[in-house]
Amino acid sequence: MSSAEQWTHPEPREGPAATAAAPTAEQVIAGLRATSEGGPELVQLLTPEGERVENPEFDRYVADITDEDLRGLYRDMVLVRRADRESNALQRQGQLGIWVPLLGQEAAQVGAGRALRPTDMVFPSYREHGVAWCRGIKPEELLGIFRGTDNGTWDSVAHRFHPYTIVIGNQVLNAAGYAMGQRFEGKVGDDDGEATMCFFGDGATSQGDVHEGFVWAAVYDAPLVFFCQNNQWAISEPTERQSRLPLYQRARGYGFPGIRVDGNDVLASLAVSRWALDECRHGNGPVLIEAFTYRMDAHTTTDDPTRYRLSDELEAWKLKDPIERVRVHLVRHGMADQDYLDSVQADADKMAAELREYCFNMPDPPVRQMFDNVYAEPSPVLDAQRDEFLAYLSAFGGEH
Amino acid sequence: MAAPAINKPQTAPAVQSLTMGKALNLGLRAAMEADPKVLVMGEDVGKLGGVFRITDGLQKDFGEHRVLDTPLAESGIIGAAVGLAVRGFRPVCEIQFDGFVFPGFDQIVSQVAKLHTRTQGRVKVPMVIRIPFGGGIGAVEHHSESPESYFAHTAGLKVVACSNAVDAYWMIQQAIRCDDPVLFFEPKRYYHSAAMKAEIDPAATPDPLFASRVVRTGTTATLVAYGPSVKVAMDAATAAEEDGHSLEVIDLRTLSPLDLGPVFESVRKTGRMVVVSESPSESSIGSELAARVQQECFYSLEAPVLRVHGFDVPYPPAKLEEHFLPDLDRVLDAVDRSLAW
């Protein structure tokens, strides 16, 4: 099933040989692997050069994609990246406390996000800005988390997009439970069935919650697509620190299918996600998708990747940029001209300007907000604590 | 596994002025030099040196067998450390942020805390779990919490919190030498504070680990704090001096076991006590202090014990944390209320 090169089993090393300041052999190998094609089983429909390659298994899942749809996917990715870069810049200018960049993962997220239907449910981690976009959540609504005004303001029930989950892997079990509920309510079994998709990273696959999520979804036949974005790095740790074998192969041990898709190919991500969701709708879930991609920026704005990875690696991945290949494809096949590309860029710039303006004008939250919604039922004890504190503050003057 | 060779690491050669973060780094380094069974393990602690750089350079100098970049699993870090401890190692686990300890909570309360009892004392679990804790860094959810009370509540665990660079240097070494498991809380917002730099003399004799300490003497009222709140209490005491109030400040240092002798002695002198802590107040270290002080110092108290804590709400978004965290004004307000009783 797997080629030997996909396996890693680093030899234990001892003593001074393992202590050099330069990257260890293991880290070099990890870096080299990250720049490879992701193995022979990688599903790819659009090459990094923008060539459409046939895939007898998955072509049918994007057979309905029109030129207009393809332009739409391109536009999604350009706008998502622009919002990401603008938010990153806002952090650098002190407008946000921290930002979590998605740079490089636009295709994985837009492909998955556009495969979802409004009736499907999504459980994100904290880097799913592209999926949020596809669920109709404006980039402005993400800012509060990172500016420190709130924990996310979108209506997670209306959008069917759960709040961002920061503790690594927690949301995977929550997603399993939600998907079990879809099944218990008889919403699974035909073309109109519901499904759930949950997002997590390569690092999260080591967490007990993720393994338990695999078990629970499997034994309850939950309509759940596990969408793992393997962006090669869990802060400073390469994927080899989490697993000896390609992550998608883990699914087999839990009794459901696993597949690896080129996470920088929006068309393949869309096709594979549609297939996986379709399986779930019909009651054949769960399914694990490993989207093989790359975190082109830091883990967060507080991280410094130069301490643990080589810049060559980033340069190699730039050649596989998720947006560039679609642009080339569109232009080469006459689906887009320069005017169109310019108009998308203009839309992106306008959106970024609005995002920026919005951020500058975000008010600080009122003090009483932290006492709100702690409990669903009235809490006289907490109300008293709040009132006492607000009375204390009012002695200093001002509105709280 | 053969004993790994050690590159000649540099210890603190002489008295140095260090930040708390650097003091912890050198303390860990000294402990690793002193005992080849000491291991450091956690997420990103190797090449990166930890997200706060507390383990900076340790993997380079001691090798990958002694400084482990672990898979992303806190239950795994702690559970595996238990096994390593049973095997004779002294693991020092780093939990990246306070709010991420909970996947390991089961291992801590079910195994770390109980193994010694379960084996009638035959098996020791000499491990340290380092947890950067507390707020004030403008972070997102789960990065600013004060979960110490959960652990102080659990029999079989020892819980300490350092408040300054000198203690950080010594306490981490003492915790590693301790044969019981120690939860080691570090006030992350002071890690790199230049203002908190202190002279550290590696030749000095440190205070015992499980001892609280009077850090400022006074007569009007007693402030009891630990970790990041010690600085708040000290600043409050300085400010109170201008109003003619002489506040005594006690740094608890050890949260379990509590060392309350100095607290009782102080309260018998001042008759008033205010506890300062970032954790929510309900069933907290502050609750325990209030109970014990009223029991032991009942006839000395001129006012009820007051607590200035975080509120009983989830830690709020960063823009509200200045209101959540005890500050100088809230401490002084409590002192005033105590004095007005």
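Quick caveat, the model's predicted, so the values are computed rather than measured.

In terms of helices and strands, chain B carries 12 helices and 14 strands. The C-alpha radius of gyration computed for chain B amounts to 20 Å, which stays within 12% of the reference 20 Å derived for 341 residues, consistent with globular compactness. With the C-alpha coordinates aligned to their principal axes, the bounding extent of chain B is approximately 65 × 45 × 40 Å. Within chain B, buried positions represent 60% of all 341 residues. Long-range pairs, those at least 24 residues apart, make up 80% of the contacts in chain B between residues at least 6 apart in sequence. Accessible area for chain B stands at about 12,400 Å²; split by element, carbon and sulfur atoms hold 51% of it.

Another point: the sheet that holds strand β12 (residues 254-256) of chain B. Residues and elements named next belong to chain B. Strand order across the open sheet formed by seven strands is β3-β2-β4-β5-β7-β6-β12, with mixed pairing between neighbours. Strands at the two margins of the open sheet, each flanked by one partner only, are β3 (67-69) and β12. Pairs of neighbouring strands in the sheet enclose a mean axial angle of 20°, with direction left out of account. In the sheet, strand β5 (residues 128-133) pairs with strand β7 (residues 182-187) via six bridges, with the strands oriented parallel. Looking at the pairing, Ile131 lines up with Phe185 of β7. Strands in contact with helix α7 (residues 165-177) are β2 (38-42), β4 (90-94), β5, β6 (158-161) and β7; relative to β7, the strand with the most contacts, it is inclined by about 165°.

Let's shift gears to empty space enclosed by the protein. If you roll a probe as big as a water molecule over the atoms, it shows you where there is empty space left. All names here are of chain A. Across all of its chains, the model carries five cavities of 30 Å³ or more by this definition. Approximately 90 Å³ is the volume found for the largest cavity. Lining the largest cavity are 13 residues; nearest its centre among them are Val80, Ala83, His129, Pro139 and Leu142. Within the residue set of the lining of the largest cavity, elements represented by two or more residues are α2 (67-92), α4 (129-134) and α5 (140-147). It is α2 that contributes the most residues to the lining of the largest cavity, four residues altogether. Taken together, the residues that form the lining of the largest cavity break down as nine nonpolar, two polar and two charged.

Here we come to the nonpolar core. Core analysis: the biggest nonpolar cluster contains 185 residues, and Phe200 and Phe226 of chain A together with Leu252 of chain B have the highest contact counts within it. A total of 10 residues in this core trace back to one element, the largest contributor, which is helix α9 (residues 266-281) of chain A. Two domains each donate at least three residues to this core, and these are domain 1 (16-200) and domain 2 (213-339) of chain B. Once residues within four sequence positions are removed from consideration, Phe200 of chain A is found in contact with Gln171, Val172, Thr205, Val210, Phe214, Phe226, Phe227, Cys228, Gln229 and Leu288 of chain A. Counting 20 residues, the second largest nonpolar core, distinct from the first, contains Ala221, Val230, Val232 and Ala236 of chain B.

Let us now look at the interface of chain A and chain B. Contact with chain A, which involves 53 residues of that partner, is made by 49 residues of chain B. Counting the surface lost from both chain A and chain B, the interface buries some 4,100 Å², and carbon and sulfur atoms represent 60% of this. In this structure, the connection of chain A to chain B is made through two salt bridges. Between Asp56 of chain B and Arg307 of chain A there is a salt bridge whose closest N-O contact spans 2.8 Å. For the interface between chain A and chain B, the tally reads 13 residue pairs in polar contact (both at pLDDT 80 or more). Those elements giving two or more residues to the side of chain A that touches chain B turn out to be α1 (25-34), α5 and α13 (380-394) of chain A. At six residues, the largest contribution of residues to the side of chain A that touches chain B is made by α13 of chain A. Looking at side-chain class alone, the side of chain A that touches chain B contains 27 nonpolar, 14 polar and 12 charged residues.

So, on to the packing of helix α8 (residues 229-242) of chain B against helix α12 (residues 328-339) of chain B. All names here are of chain B. Put simply, α8 and α12 touch, their axes get as near as 9 Å, and they point 60° apart. Between α8 and α12, the angle is such that the two are oblique. Here the hand of the crossing between α8 and α12 comes out right-handed. Residues Val232, Asp235, Ala236, Ala239 and Ala240 of α8 touch α12, and the partners they reach there are Leu328, Val331 and Leu332.

Another aspect to go through is the confidence of the model for chain B. Confidence in the prediction for chain B averages 96 pLDDT; 96% of positions are at 70 or higher. Listed scores for the predicted complex are pTM 0.91 and ipTM 0.89.

This next bit is on unusual backbone geometry. Excluding glycine, residues mostly carry a negative phi; peptide bonds, for their part, are mostly trans. Residue Pro286 of chain A is reached from Gly285 of chain A by a cis peptide bond, and omega for that bond is -5°. Counting through the fold element by element, Pro286 of chain A comes out in the loop between α9 and β7 (287-292). That bond from Ser256 of chain B to Pro257 of chain B is cis: its omega, 0°, falls within 30 degrees of zero. Relative to the helices and strands, Pro257 of chain B resides in the loop between β12 and α9 (261-270). Located in the positive-phi region is Arg160 of chain A, a residue other than glycine, with phi close to 50°. Following the sequence through the fold, Arg160 of chain A ends up in the loop between α5 and α6 (170-184). Arg160 of chain A sits in the partly exposed class, given a relative accessible area of 24%. Within the chain, His142 of chain B stands out as a residue other than glycine whose phi angle is a positive 75°. When you line up the elements, His142 of chain B lands in the loop between β5 and α6 (148-152).

Time to look at the packing of α2 of chain A against helix α11 (residues 322-332) of chain A. The axes of two packed helices give the description: the angle between them and the distance between them. Residue and element names in this part refer to chain A. Interhelical geometry of α2 versus α11 gives an angle of 145° and a closest axis separation of 10 Å. Seen from above, α2 lies across α11 with left-handed handedness. Facing Leu70, Arg71, Tyr74, Met77, Val78 and Arg81 of α2, the residues of α11 in contact are Pro322, Ile323, Val326, Arg327, His329 and Leu330.

About the thresholds
Residues numbered from 1 in each chain as written. Chains lettered and ligands numbered in written order. Predicted model: local features only at pLDDT ≥ 70, side-chain atom pairs only at ≥ 80, totals over all residues. Heavy atoms only, no water. Helix = DSSP H or I, 4+ residues; strand = E, 2+ residues; numbered from the N terminus. Rg over C-alpha atoms; globule rule 2.2 N^0.38 Å. Buried < 20%, exposed > 50% of the residue type's maximum accessible area, 1.4 Å probe, protein only. Contact = heavy atoms within 4.5 Å. Areas by Shrake-Rupley, 256 points an atom, 1.4 Å probe, with all protein chains shown as cover. Pairing = 2+ DSSP bridges. Axes fitted to C-alpha atoms, helices over the stretch in contact; angles between N-to-C directions. 1 Å grid on protein atoms, 1.4 Å probe; cavity = no way out; pocket = protein on both sides within 12 Å on 5 of 7 lines; lining within 4 Å. Points joined across faces, edges and corners; volume = space filled by probe spheres on them. Nonpolar A, V, L, I, M, F, W, Y, C, P; charged D, E, K, R; others polar. Core = buried A, V, L, I, M, F, W, Y, C linked by side-chain atoms within 4.5 Å. Domains from an automatic or database assignment. Buried area = accessible area lost by both parts, 1.4 Å probe. Salt bridge = Lys/Arg side-chain N within 4 Å of Asp/Glu carboxyl O. Polar contact = N/O pair within 3.5 Å; in protein donor to acceptor, adjacent residues only side chain to side chain. Parallel < 35°, antiparallel > 145°, perpendicular 65-115°, else oblique. Left-handed = near helix turned anticlockwise from the far one by under 90°. pLDDT = per-residue confidence, 0-100.

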